[in-house]
Amino acid sequence: MSNDSQGSVKGEAAMILSPSGSASSQGPPLSPSTTSKPPELPDELVQAGWAKCWSRRENRPYYFNRFTNQSLWEVPVLGQHDVISDPLGLNAAPAEGGDSNLGNGQRKRRSSEEQVAGPNSVKRAKVKTFLKLFIVVVLSIYWDLDIQTNAVIREHRPASHLPPHPEIEMQRAQLVTKLRQHYHELCHQREGIDPPRESFNRWLLERKVIDKGHDPLLPSDCDPIISPSMFREVMNDIPIRLSRIKYKEEARKLLFKYAEAAKKMIDSRNASPESRKVVKWNAEDTMSWLRRDHSASKEDYMDRLEHLRQQCGPHVAAVAKDSVEGICSKIYQLSADYSRRLRQTHLSLLQDPPTEACASPQQSRLVYCYPVRLVIPSPPLPRVELHFENDVACLRFRGEMVKVNRGHFSKLELLYRYSCIDDPRFEKFLSRVWCLLKRYQEMFGSGANEGTGLQGALPVTVFEALNRQFGVSFECFASPLNCYFKQFCSAFPDIDGFFGSRGPFLSFSPVSGSFEANPPFCEELMDTMVTHFEELLNQSSEPLSFIVFVPEWRDPVTPALTRMEASRFLRHQLSVTAYEHEYRSGSQHICKRIQRHPASGPASSG
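Residues numbered from 1 in each chain as written. Predicted model: local features only at pLDDT ≥ 70, side-chain atom pairs only at ≥ 80, totals over all residues. Heavy atoms only, no water.

1. Describing the overall build of the chain
Scanning the chain for helices and strands turns up 15 helices and 17 strands. Within the chain, the fraction of its 606 residues that count as buried is 51%. About 28900 Å² of surface is accessible on the chain, with carbon and sulfur atoms providing 50% of the total. (Helix = DSSP H or I, 4+ residues; strand = E, 2+ residues; numbered from the N terminus. Buried < 20%, exposed > 50% of the residue type's maximum accessible area, 1.4 Å probe, protein only. Areas by Shrake-Rupley, 256 points an atom, 1.4 Å probe, with all protein chains shown as cover.)

Set out below in structure tokens:
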């Protein structure tokens, strides 16, 4: 939904989906041709890649980082070497590939071989070979943290969330893992199926839309208790999970399995005589047809399967309803119990436990939006170890290791510097980064590619166009790991606030500004998002815009898409067909560069 923030009328809306794009990678810098003296630096700096070297040109020592190719005259400070000071001009070295544009607005420099030719060509050829060895560790920049916000809000008081702590985050991770295992076991024991893929992740998202509990991740105070998302997804896989079919034999086997599973289920459950009669007759008729007709096509099998589902589906759902509701209820009750236990442990770690205080009224002063601030001071945090393995930063706390690539680690340093006000010396930085990475790992699971789709981000070229054409400077659904702007809303204000988050979008009420919204594709979350958009656009008399990206799910159509298409604030809508657009992977902070731009499947609209 869009209303251009520069002189447009109130309450315009645009739903768009843009083509693919990505930032170019920076050219690799030259390594210094200096003679290193024995290191005279603390072990922490040495492990971070720093070494003391000697400049023959300037006849004085300097400090060089072999990981980032940064050079400093002064002694580096751990956690603050993202600000590049380059007294020797090492990072101004030319790179291969001509004058193509970089994602951050700079231009690549021409290679040294193109600038000079002559007697030294052999030496320069060796340099060129050396450069190619370092190309693998140079990352593209997928963000622009220099863009200032145009989002205006009403000033509000600090949040009352408990400050993050590695001990608590480790316990929360263990409890979430335990809850996932319970869900898997209940689906197997009660329904004989595997849990629908990533349904637990979507359950967490859907529950937090309505949750009034204290825990940032585990739902504990929801009404209704039965999750519509979890119930719907489990029911869709009963009596068996239906998969995409390519060949005729696969369709034949799927039809047979469905008929067999439906008959077995109706025999083993407390079904009504009518349901038992209908299901058994249709299942036996289908098996007889399969034995009799061997010349059917794939389409014949799929048509028969659809007919069988229409006849048996309501009866199968009726006998499974109580059991599936029991699964949803059991998982929620366990989550609420875990949440209460975790909060008690968390409060015991605080030096000054919070007291119940009356909420102060909303302030009336209009200000540019700012990161979440916590009213409860952070306790002393335990030490977290940091070391680098090639291009990966590894953070370890009590044997638990989390990883992030070097580029995103530097990004977190910058966001922390811009946003955090209680840790000027970066003494708590590593502990908070560990908590941040652990939290998102808990949220989306640790399986291969799990949660990637729920954190997908738009390509850089799209963000550049949104900022240039519509003045967009804010993301409604992001995280410190995948944000493009330094101002964004995210799921976890207690930890993300230190890295620039303005809190959850459904609790964020801007008066004016230009916003991009690319929500996780959870139906309940998207529907609540549209409600929030409508309320904000109705209340504001200032320029306010929302450009929304959602999937074009039409079989059946989602309530969110229907409501946006019928909205009086809608000004434009654009659909892009499948595989003609792409998203940056939700695992971009840990995956290889080649995996960061997956092509998008079914057409999206938004």
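2. A few points about helix α4 (residues 166–191)
Along its 26 residues, α4 runs 37 Å from first to last C-alpha, staying within 8% of the 38 Å computed at 1.5 Å per residue. Downstream of α4 by a residue or two, G192 has a phi angle that is positive, lying close to 65°. (Expected span 1.5 Å × (residues − 1).)

3. Section: the sheet that holds strand β9 (residues 392–397)
Picture the strands of a sheet paired through backbone hydrogen bonds; they go either parallel or antiparallel. Read from one edge to the other, the open sheet built from 3 strands follows the order β8-β9-β10, with strand pairing classed as antiparallel. Looking along the sheet, the strands with just one partner apiece sit at the ends: β8 (385–389) and β10 (400–405). The sheet shows a mean angle of 25° between the axes of neighbouring strands, direction not considered. Alignment of β9 against β10, held across 6 bridges, turns out to be antiparallel. For L395, the partnering residue across the bridge sits in β10 and is V402. Lying on the sheet, helix α10 (residues 406–419) is in contact with β8, β9 and β10; it crosses β10 at an angle near 95°. (Pairing = 2+ DSSP bridges. Axes fitted to C-alpha atoms, helices over the stretch in contact; angles between N-to-C directions. Contact = heavy atoms within 4.5 Å.)

4. Things to note about unusual backbone geometry
A cis amide bond, omega 5°, links I238 with the succeeding residue P239. For P239, the location among the structural elements is in the loop between α6 (228–236) and α7 (248–268). Cis geometry is found at the peptide bond from D555 to P556, where omega equals 0°. Tracing the sequence through the fold places P556 in the loop between β14 (550–551) and α15 (559–566). For N390, which is not glycine, the phi dihedral falls at a positive 55°. Structurally, N390 is set in the loop between β8 and β9. Residue class for N390 comes out exposed when judged on its relative accessible area of 70%.

5. Quick look at the confidence of the model for the chain
Across the chain, pLDDT averages 81, with 77% of residues at or above 70. Model confidence for the chain, summarised as mean pLDDT per element, is weakest for helix α2 (residues 112–115) at 30 and strongest for strand β11 (residues 474–475) at 98. Confidence drops under pLDDT 50 across residues 1–14; counting only partners more than four residues distant or on other chains, this segment forms 70 contacts. The low-confidence segment residues 601–606, where pLDDT is below 50, has 37 contacts with residues more than four positions distant or belonging to other chains. (pLDDT = per-residue confidence, 0-100.)

6. Some remarks on the side chain of S545
Mapping S545 onto the fold places it in strand β13 (residues 544–548). Here S514 takes part through its side chain, which lies 3.3 Å from a polar atom of the side chain of S545. (Polar contact = N/O pair within 3.5 Å; in protein donor to acceptor, adjacent residues only side chain to side chain.)

7. Overview of the pairing of β13
The side chains of a regular strand alternate between the sheet's two faces. With 5 of 5 residues buried, β13 is to be regarded as a mostly interior element. By the alternation rule, side chains of β13 split into L544, F546 and V548 and S545 and I547, which are all buried. Inspection of the sheet shows strand β12 (residues 510–517) paired to β13 by 5 bridges, in the parallel sense. From the neighbouring strand, S514 faces β13, where its bridge partner is S545. This β-α-β element, β12 to helix α14 (residues 523–539) to β13, shows right-handed connectivity. (Right-handed = clockwise from strand over helix to strand, strands pointing away.)

8. Quick notes on the pattern of salt bridges
Inspection of every chain in the model, using the stated rule, returns 27 salt bridges. The closest approach of N and O atoms between E206 and R207, which form a salt bridge, is 3.1 Å. Each of E169, R172, D215, R439 and D494 takes part in salt bridges that share partners, so that together they form one network. (Salt bridge = Lys/Arg side-chain N within 4 Å of Asp/Glu carboxyl O.)

9. Re the packing of aromatic side chains
On inspection of all chains with the given rule, the structure shows 25 aromatic pairs. Arranged with centres 6.1 Å apart and planes meeting at 70°, the rings of F505 and F546 form a pair that is edge-to-face. Placement of F505 in the loop between α13 (493–496) and β12 and of F546 in strand β13 is noted, with a sequence separation of 41 residues between them. According to the relative accessible area criterion, F505 is buried, its value standing at 3%. With centroids separated by 5.3 Å and ring planes inclined at 25°, the aromatic side chains of F515 and F546 adopt a geometry described as stacked. Of this pair, F515 sits in strand β12 while F546 sits in strand β13; the two residues are 31 residues apart in sequence, bridging distant segments of the chain. Look at F515 and you get buried, because its relative accessible area is 0%. On the basis of relative accessible area, F546 is assigned to the buried category, the value being 0%. Here the aromatic residues F474, F477, F505, F508, F515, F533 and F546 are joined through ring pairs into a cluster of three or more. Lying over the aromatic face of W73, R60 brings its terminal NZ or CZ to 3.7 Å of the ring centre. Lying across the ring of Y418, K486 places its NZ or CZ 4.7 Å from the centre. (Phe/Tyr/Trp six-rings, centres within 6.5 Å; stacked < 30°, edge-to-face > 60°. Lys NZ or Arg CZ within 6 Å of the ring centre and 35° of its normal.)

10. Details of the nonpolar core
One finds I238, L395, F409, F499, F505 and F546 to be the most contacted residues of the largest nonpolar core, which totals 136 residues. When residues in this core are grouped by element, the largest group, 15 residues, is from helix α9 (residues 298–349). Sequence-distant contacts of F499, defined by excluding residues within four places in its chain, comprise L412, L415, Y416, S419, F429, R432, V433, L436, P480 and F488. (Core = buried A, V, L, I, M, F, W, Y, C linked by side-chain atoms within 4.5 Å.)

11. Structural notes on the environment of I226
Within the fold, I226 resides in the loop between α5 (199–210) and α6. Overall, I226 belongs to the partly exposed group, its relative accessible area being 26%. Sequence separation between I226 and C328 is 102 residues; the distance between their C-alpha atoms is 5.6 Å. Beyond its immediate sequence surroundings of up to four residues, I226 is in contact with R207, F231, E325, C328 and S329.

12. What to know about the packing of helix α8 (residues 273–292) against α9
One can describe the packing of α8 onto α9 by two numbers: an axis separation of 8 Å at closest approach and a directional angle of 165°. In terms of orientation, α8 lies roughly antiparallel with respect to α9. For the pair α8 and α9, the crossing hand works out as left-handed. Counted together, S275, V278, V279, N282, A283, D285, T286, W289 and L290 of α8 and D300, Y301, R304, H307, L308, Q311, C312 and H315 of α9 form the full contact between these two elements. When its residues are assigned to classes, the contact of α8 with α9 shows 8 nonpolar, 6 polar and 3 charged. (Parallel < 35°, antiparallel > 145°, perpendicular 65-115°, else oblique. Left-handed = near helix turned anticlockwise from the far one by under 90°. Nonpolar A, V, L, I, M, F, W, Y, C, P; charged D, E, K, R; others polar.)

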